[in-house]
Amino acid sequence: MKNILVMGGAGYIGSHTVRHLQEHGYGCIVADNLIYGHREAVSASSFELADLADKASLKAVFDKYRIDAVVHFAAFTYVGESVENPRKYYENNVVGTLNLLDVMLDHDVKKIVFSSTCATYGNPQYMPLDEKHPQAPINPYGRSKFVIEKIFEDYGRAYGLKYTALRYFNAAGASKDGQIGESHNPETHLIPLVLKAIKGERDCIKVFGTDYDTPDGTCLRDYVHVEDLAAAHRLALEKLDEFQGFLNLGTGIPTSVLEIIRAAEKVSGRKCPVVYEKRRAGDPAVLYAANEEARRVLGWKPGYTDIEEIIRTAWNWEMNRKF
Ligand code: UDP
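The rules behind the values
Residues numbered from 1 in each chain as written. Predicted model: local features only at pLDDT ≥ 70, side-chain atom pairs only at ≥ 80, totals over all residues. Heavy atoms only, no water. Helix = DSSP H or I, 4+ residues; strand = E, 2+ residues; numbered from the N terminus. Buried < 20%, exposed > 50% of the residue type's maximum accessible area, 1.4 Å probe, protein only. Polar contact = N/O pair within 3.5 Å; in protein donor to acceptor, adjacent residues only side chain to side chain. 1 Å grid on protein atoms, 1.4 Å probe; cavity = no way out; pocket = protein on both sides within 12 Å on 5 of 7 lines; lining within 4 Å. Points joined across faces, edges and corners; volume = space filled by probe spheres on them. Nonpolar A, V, L, I, M, F, W, Y, C, P; charged D, E, K, R; others polar. Core = buried A, V, L, I, M, F, W, Y, C linked by side-chain atoms within 4.5 Å. Contact = heavy atoms within 4.5 Å. Pairing = 2+ DSSP bridges. Axes fitted to C-alpha atoms, helices over the stretch in contact; angles between N-to-C directions. Parallel < 35°, antiparallel > 145°, perpendicular 65-115°, else oblique. Left-handed = near helix turned anticlockwise from the far one by under 90°.

Visitor: Sorry, what's going on with the environment of Lys110 here?
Guide: Mapped onto the secondary structure, Lys110 falls in the loop between helix H4 (86-106) and strand E5 (111-117). Given the relative accessible area of 32%, Lys110 is considered partly exposed. For the pair Lys110 and His38, spaced 72 residues apart in sequence, the C-alpha to C-alpha distance is 28 Å. At 3.0 Å, the side chain of Lys110 forms a polar contact with the backbone oxygen of Tyr159.

Visitor: Honestly, empty space enclosed by the protein in this entry has me stumped. Any pointers?
Guide: The gaps of empty space that remain are located by a probe, the size of a water molecule, rolled over the atoms. Taken as a whole and assessed by the stated rule, the structure comprises one cavity of 30 Å³ or more. Taken as a whole, the largest cavity holds about 60 Å³ of empty space. Looking at the lining of the largest cavity, the elements that each hand over two or more residues are helix H6 (190-199) and helix H10 (307-319). Across the lining of the largest cavity, the residue classes break down as six nonpolar, two polar and three charged.

Visitor: Sorry if this is basic, but what is going on with the nonpolar core here?
Guide: For soluble globular proteins, nonpolar side chains are generally found buried alongside one another. Ranked by internal contacts, the top residues of the largest apolar core, which has 34 residues, are Ile4, Leu166, Leu237, Leu249, Leu298 and Trp300. When residues of this core are traced back to their parent elements, those giving at least two are strand E1 (3-7), helix H1 (12-23), strand E2 (27-32), strand E4 (69-72), strand E6 (162-168), helix H7 (226-238), strand E11 (245-249) and helix H9 (292-298). Ranked by residues supplied to this core, first place goes to H7 with six residues. If near-sequence neighbours (up to four positions away) are discounted, Ile4 is found in contact with Leu21, Tyr26, Gly27, Cys28, Ile29, Ala69, Val71 and Leu237. Residues Met7, Ala50, Phe62 and Tyr65 belong to the second largest nonpolar core, which totals 29 residues.

Visitor: Explanation requested: the sheet that holds E11 in the structure shown.
Guide: Strand pairing in a sheet is mediated by backbone hydrogen bonds. Such pairs are either parallel or antiparallel. Ordered by their spatial adjacency, seven strands build an open sheet running E3-E2-E1-E4-E5-E6-E11, and the pairing between neighbours is parallel. Each having just a single partner strand, strand E3 (46-49) and E11 make up the two edges of the open sheet. In this sheet, adjacent strand axes meet at a mean angle of 20° when their direction is disregarded. As paired elements, E6 and E11 share five bridges and run parallel to each other. Bridging across to E11, Thr164 finds its partner in Gly245. Each of E1, E2, E3 and E4 is contacted by helix H2 (residues 55-64), which is oriented at about 165° to E1, the strand it contacts most.

Visitor: Got a minute to help me understand the packing of H6 against H10 in this structure?
Guide: Relative placement of two packed helices is described by the angle separating their axes and the distance separating the axes. Where H6 contacts H10, the two axes come as close as 10 Å, and the packing angle between them is 55°. Relative to H10, H6 is oriented oblique. In this structure, the crossing between H6 and H10 has a hand that is right-handed. Listed contacts from H10 to Ile191, Leu195, Lys196, Ile198 and Lys199 of H6 are Ile311, Ala314, Trp315, Glu318 and Met319. Tallied by class, the residues present in the contact of H6 with H10 amount to seven nonpolar, no polar and three charged.

Dropping the structure here:
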């Protein structure tokens, strides 16, 4: 297995995965529609402008290259927008993935590693979340990913598709060398928003809820470094003949919103202006991963387990961002 098509390889997690795969000797063909992705983030020699909605553009990529496997990141990921405009989410995330799978099967490409999410679990019934936790997503974004997981099971049985869907917790950080990092527009994620508030690019960070049943009253999340996610995709690809299924990717360590702010202040040596707000709708109090399955099946383990180290890479990127 040498040539990997990375759909959505110009995005945050995709671009880090491309670099990681190349460092491990794989050839990467990056396909992206560049709606949210950044051309500057792509170091692969082969870049193709393609869109999941446009089957002909996908077919052209598969006709041009010999592709051994696909890693599929191309998705819309804004939870709030998915509630306002579910068509956009089901069309791109679900119909688009069906298009991709069609073209793959037509070209006899039967291996795929896919970006899924802990949002497929919905409101947690117990912690830490393991892969056996019931899946009842509470918004169209989470449901779009859940539906694709089910499609993989059916396509696996019927067509011999070999798939692994990786359920990420909160992706965070940037490449260690500072060349690529997170760049969303609009940005909604906690860590980049905290760093922008520290930089003075935003007035403050709004803390959504201080009355949760948690040690400091703010939500707990599991922040996993983007380069650790990248490594897990390679390992999942390499194990596809032995393992197909669903794996959580998180550190297993819960960190509160206030702990993130404190760690960012420590890393940057500056104060973060904070405003306390009401809870944001749809936020569970606590979410963190049981990651034993990924450790056992993939031999994966998160290299970054110290939130300050994770934030240091994000701060380094934020201060020298290239896109
Ligand atoms: N959060 C916050 N202020 C913000 C953005 C996020 O307090 O401006 C909180 C949010 O309520 C959640 C945590 O930070 O508890 C992580 O949110 P994010 O949107 O980064 O990821 P999510 O866990 O929602 O996928």
